[in-house]
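# Descriptive analysis of the structure
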4 protein chains.
Amino acid sequence: MLEQLKQEVCKANQGLVDHDLVTFTWGNVSGFDPETELLAIKPSGVPYEELSPADIVLVDLKGNVVEGDLKPSSDTPTHIELYKAFPGVRGIVHTHSDWGTAWAQAGKSIPCSGTTQADYFYGDIPCTRQLTKEEVQNGYEKETGTVIIEAMQGKNPVEVPGIVVHGHAPFAWGGSPEDALHNAVVLEKVAKMTFLSYQLSGELPLDDYVLQKHYERKHGENAYYGQSK
Amino acid sequence: MLEQLKQEVCKANQGLVDHDLVTFTWGNVSGFDPETELLAIKPSGVPYEELSPADIVLVDLKGNVVEGDLKPSSDTPTHIELYKAFPGVRGIVHTHSDWGTAWAQAGKSIPCSGTTQADYFYGDIPCTRQLTKEEVQNGYEKETGTVIIEAMQGKNPVEVPGIVVHGHAPFAWGGSPEDALHNAVVLEKVAKMTFLSYQLSGELPLDDYVLQKHYERKHGENAYYGQSK
Amino acid sequence: MLEQLKQEVCKANQGLVDHDLVTFTWGNVSGFDPETELLAIKPSGVPYEELSPADIVLVDLKGNVVEGDLKPSSDTPTHIELYKAFPGVRGIVHTHSDWGTAWAQAGKSIPCSGTTQADYFYGDIPCTRQLTKEEVQNGYEKETGTVIIEAMQGKNPVEVPGIVVHGHAPFAWGGSPEDALHNAVVLEKVAKMTFLSYQLSGELPLDDYVLQKHYERKHGENAYYGQSK
Amino acid sequence: MLEQLKQEVCKANQGLVDHDLVTFTWGNVSGFDPETELLAIKPSGVPYEELSPADIVLVDLKGNVVEGDLKPSSDTPTHIELYKAFPGVRGIVHTHSDWGTAWAQAGKSIPCSGTTQADYFYGDIPCTRQLTKEEVQNGYEKETGTVIIEAMQGKNPVEVPGIVVHGHAPFAWGGSPEDALHNAVVLEKVAKMTFLSYQLSGELPLDDYVLQKHYERKHGENAYYGQSK
């Protein structure tokens, strides 16, 4: 089932290594098929270089494994919550990439301080609140999804395609597994750049009109970046 | 037309990858031919590894595409402004390289703090002012050129071959596309070194006589660095 | 003797290079065989790329060379102290990796500031006290083991598989040479992440219930990360 | 003449690239032959990958080219001063490596903060004073040697095999070109580590007895690190 999606998910997981976003098996990518309402996700703890599309696990929105011999990523319940809450999202990436994790551990949103971020994120990359003791002890991974969704309230997940989870690490998403991987790379890159800027100056405001211009230059109705498709 | 220039521009664009100055397609190089008054520039959004000289777009100083099947870089109007204002400049590079962008986002010039910078830049690497709302909304890319030119007033573009644009990222230039690439590498390198120095000490003044000596050792009339040509 | 252990130790030593944990010969890995009570350890000053299992030196718990033509690592007495004090430990790694050494030189424990660390270390990565003049002058390497053991009092070495030695560098350990190498990589990674977080915020507390959850998710009785063995 | 020395110098220059110490041609290595009192040094401005032993220039202690078709490094007068002042030194390396240059630009000595530095440097890595206007304008490169020698007064160049020149960059030396390269790598590595430590804590004292122990473990009469020769 869903052979193409499994291939895309396998390839995007291996892309985590190519883009230097993971150590050992500290990251996972999933894809979502809206027709069957199934996720294709990385199996837990399997090295990326050993991964083939046949290893990708299919899971339904209740968390039941529908196809696959291996256990799905332990973060699967987080992915499920996000697919249920974010219409249009077809790929999700979770990593412990260095610079994004640094912001997560500091419990700080990444302020939109330049056009690099504005080209992809319509504003700050939010940081979630801390999970409560109850949330951690009862359905920890599901509740990780809950706090992400809470922090995204009032924001369009297509316009803000990533977040850092307090004390944990980044999640990014997009219109496909490849697109989510792309946004995870952007998140890590701007996490680094803005960390550095922040050491040079305590104030990093980007004017709203620059943010708007850059975001729309790439994503708005009259986008003019790149070749017409 | 201009086959050699297109080859040089193609090669310098690919050099952005070799020198680790770009992520995805976040950078572009152009070259200028003073006889025909045409720019050769990277097409928008095309990956560097797929680029061939035949893809390079020729554009006149009014922004009209004169040759090429692809759309030119969305930053073309910035390049045009710079070629019109900076006589002798034959190549321009724009990147979102990490350390240069950090200074741009902090809105700070890179102070000339050592001989590494003095070997190529006759003083600080300036940071432009912020664009106004009107400039961003009307002809944003052209006005990016305007603020660069404004910040370069009183300076010789041959002696100060690069700048950081406030809230955005670096531009560098030179006597050829290859030379502009060279200066973009220098800018990124000194952006890193001086960032680090700045964490160690809040004061980083280089005496004027050292600056003058080092710049002229490489570029003055009696330059004695390198082999005679 | 102990051919398999020597192979594992040789491979783990070469893994120091693959994981970018060493410069020149600044690191060593040993393994321990509980039946014979012998250590297999890297010879002193030999480059990793020239190392073969036949070069690995076998040493008893009194420091006598039992097999091998080369001198064992000058840090052998430290390894011996740790094997004697930490039951269950079968592999030890010592490196001067950049970020871990930075914490050691600052004389600071690495606070548990995120789930990356919590997945492997049940709390902070301790920093030892400074050695006294007497300890340095009489049996320096043995006493390095002493201060590690002292700093680990009240902690389970299986749950806290690494430390930084004040003014020196990291040691990590585990259930095998490979496992010790794995923990040395984790130590270096979290040393970097938490360094960065610490620049963004002076306070980096992780709630105890998150620490407990993450550690047990991977290591507790009901661990559910990875594939069942 | 001096074919072996030219080979060693060529190889050590190329080692600058392998150890990531140089950008473009920003570094040079020389070797000294005490019998003929000649230096073998890199030609100015030649890329390392194009360098062959036949390109290495032989220069006497007055700066006359004795053999070679190319101009010697513009830093040759600095090398000459150091060979004249430091008996036993047979190799010198100059680079603009990132972290060492950061300390040089900040005008600060690198404090001996850990055993990594103590293994090679018997104390701090000094920073020279600034050159005066007269020194810069008359015999700049020679006077660079003068301030290095001045900063080394009272120190043994064998025990303190490197320095950072104020507002400029590092020099390192040793018993051969290869040994000087080795010390340049160490200098860059401890420049990074101690930079990082310094961000974590404003105080980084290493006890003298640790310094002495580590230095002598490797270099003293009773050195016991490495294999006997």
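The residue count restarts for each chain, going from 1 along the sequence in the order it is written. Going through the entries in the order they are written, you letter the chains from A and number the ligands from 1. Owing to the predicted nature of the model, reporting of local features is limited to residues with pLDDT of at least 70; listing and counting of side-chain atom pairs is limited to 80 or more, with chain, interface and lining totals taken over all residues. Each side-chain value is worked out from all heavy atoms of the structure, with water and hydrogens disregarded.

On to the sheet that holds strand β4 (residues 65–67) of chain B. Strand pairing in a sheet relies on backbone hydrogen bonds. The paired strands run either parallel or antiparallel. Residues and elements named next belong to chain B. Pairing between two strands requires that DSSP report at least two bridges joining them. Strands here are runs of E lasting at least two residues and helices are runs of H or I lasting at least four, both read from the DSSP assignment and numbered beginning at the N terminus. Read from one edge to the other, the open sheet built from seven strands follows the order β4-β3-β2-β1-β5-β7-β6, with strand pairing classed as antiparallel. One side of each edge strand has no neighbouring strand; the edge strands of this open sheet are β4 and β6 (162–164). Geometrically, the sheet is characterised by an average inter-axis angle of 25 degrees between neighbouring strands, direction not taken into account. Direction of pairing for strand β1 (residues 27–33) relative to strand β2 (residues 38–41): antiparallel, over a ladder of four bridges. Each residue of the ladder has a partner; that of F32, found in β2, is L39. Axis geometry follows a simple rule: fit a line to the C-alpha atoms, using only the stretch in contact for helices, then measure angles between N-to-C directions, giving values from 0 to 180 degrees.

Before going further, it helps to examine the interface of chain B and chain D. Many structure descriptions define interface size as the accessible area lost when the parts assemble. Whether two residues are in contact is decided by their heavy atoms: any pair within 4.5 Å suffices. Between chain B and chain D, the contact holds 33 residues from the first and 34 residues from the second. Note on terms: buried area is the combined drop in 1.4 Å-probe accessible area of two parts once they are placed together, counting the loss on both. Surface buried jointly by chain B and chain D totals about 3,000 Å² across both partners, of which 56% is contributed by carbon and sulfur atoms. Together, L200, Y209 and Q227 of chain B form the three largest contributors to the area buried by chain B at its contact with chain D, with a combined 24%. The rule for a salt bridge is simple: a side-chain nitrogen of Lys or Arg has to be within 4 Å of a carboxyl oxygen of Asp or Glu. Counting the contacts that link chain B with chain D gives four salt bridges. Among the ionic pairs, K192 of chain B bridges to D98 of chain D, the shortest N-O distance being 2.9 Å. Two N or O atoms count as a polar contact when they lie within 3.5 Å, although within protein this holds only if one can serve as hydrogen donor and the other as acceptor, and sequence-adjacent residues are included solely when both atoms are side-chain atoms. Linking chain B with chain D are 20 residue pairs in polar contact (both at pLDDT 80 or more), by the criterion used here. Elements with a contribution of two residues or more to the side of chain B that touches chain D: α4 (115–118), α7 (177–200) and α8 (208–219) of chain B. Among the elements that line the side of chain B that touches chain D, the one with the most residues is α7 of chain B, at eleven residues.

With respect to the element layout, T194 of chain D can be found in helix α7 (residues 177–200). Judged by its relative accessible area of 0%, T194 of chain D falls in the buried class. Once residues lying within four places of it in the same chain are set aside, the contact partners of T194 of chain D are Q105 of chain C together with W103, I110, P111, S113, Q117 and L204 of chain D. The buried label goes to any residue with under 20% of its type's maximum accessible area, the exposed label to any with over 50%, and the partly exposed label to all in between, with areas taken from a 1.4 Å probe on protein chains only.

Looking now at helix α3 (residues 98–106) of chain B. Side chains that are three or four residues apart share a direction in an α-helix, a result of its 3.6 residues per turn. Counting buried residues in α3 of chain B gives nine out of nine residues, a clear majority hidden from the surface. Those residues of α3 of chain B that sit buried are D98, W99, G100, T101, A102, W103, A104, Q105 and A106 of chain B. Those residues of α3 of chain B that are buried are in contact with α4 (115–118) and α7 (177–200) of chain A together with β6, β7 (170–174) and α7 of chain B. Positive phi shows up at G107 of chain B, right after α3 of chain B, with a value of about 70 degrees.

Once that is clear, we can look at unusual backbone geometry. A negative phi angle is the norm for most residues apart from glycine, just as the trans form is the norm for most peptide bonds. All names here are of chain B. Unlike most non-glycine residues, L2 shows phi in positive territory, near 50 degrees. Along the chain, L2 turns up in the segment before α1 (3–18). Accessibility expressed as a relative area gives 21% for L2, which makes it partly exposed.

So, to be careful, I would describe these as geometric facts and stop short of saying anything about function.
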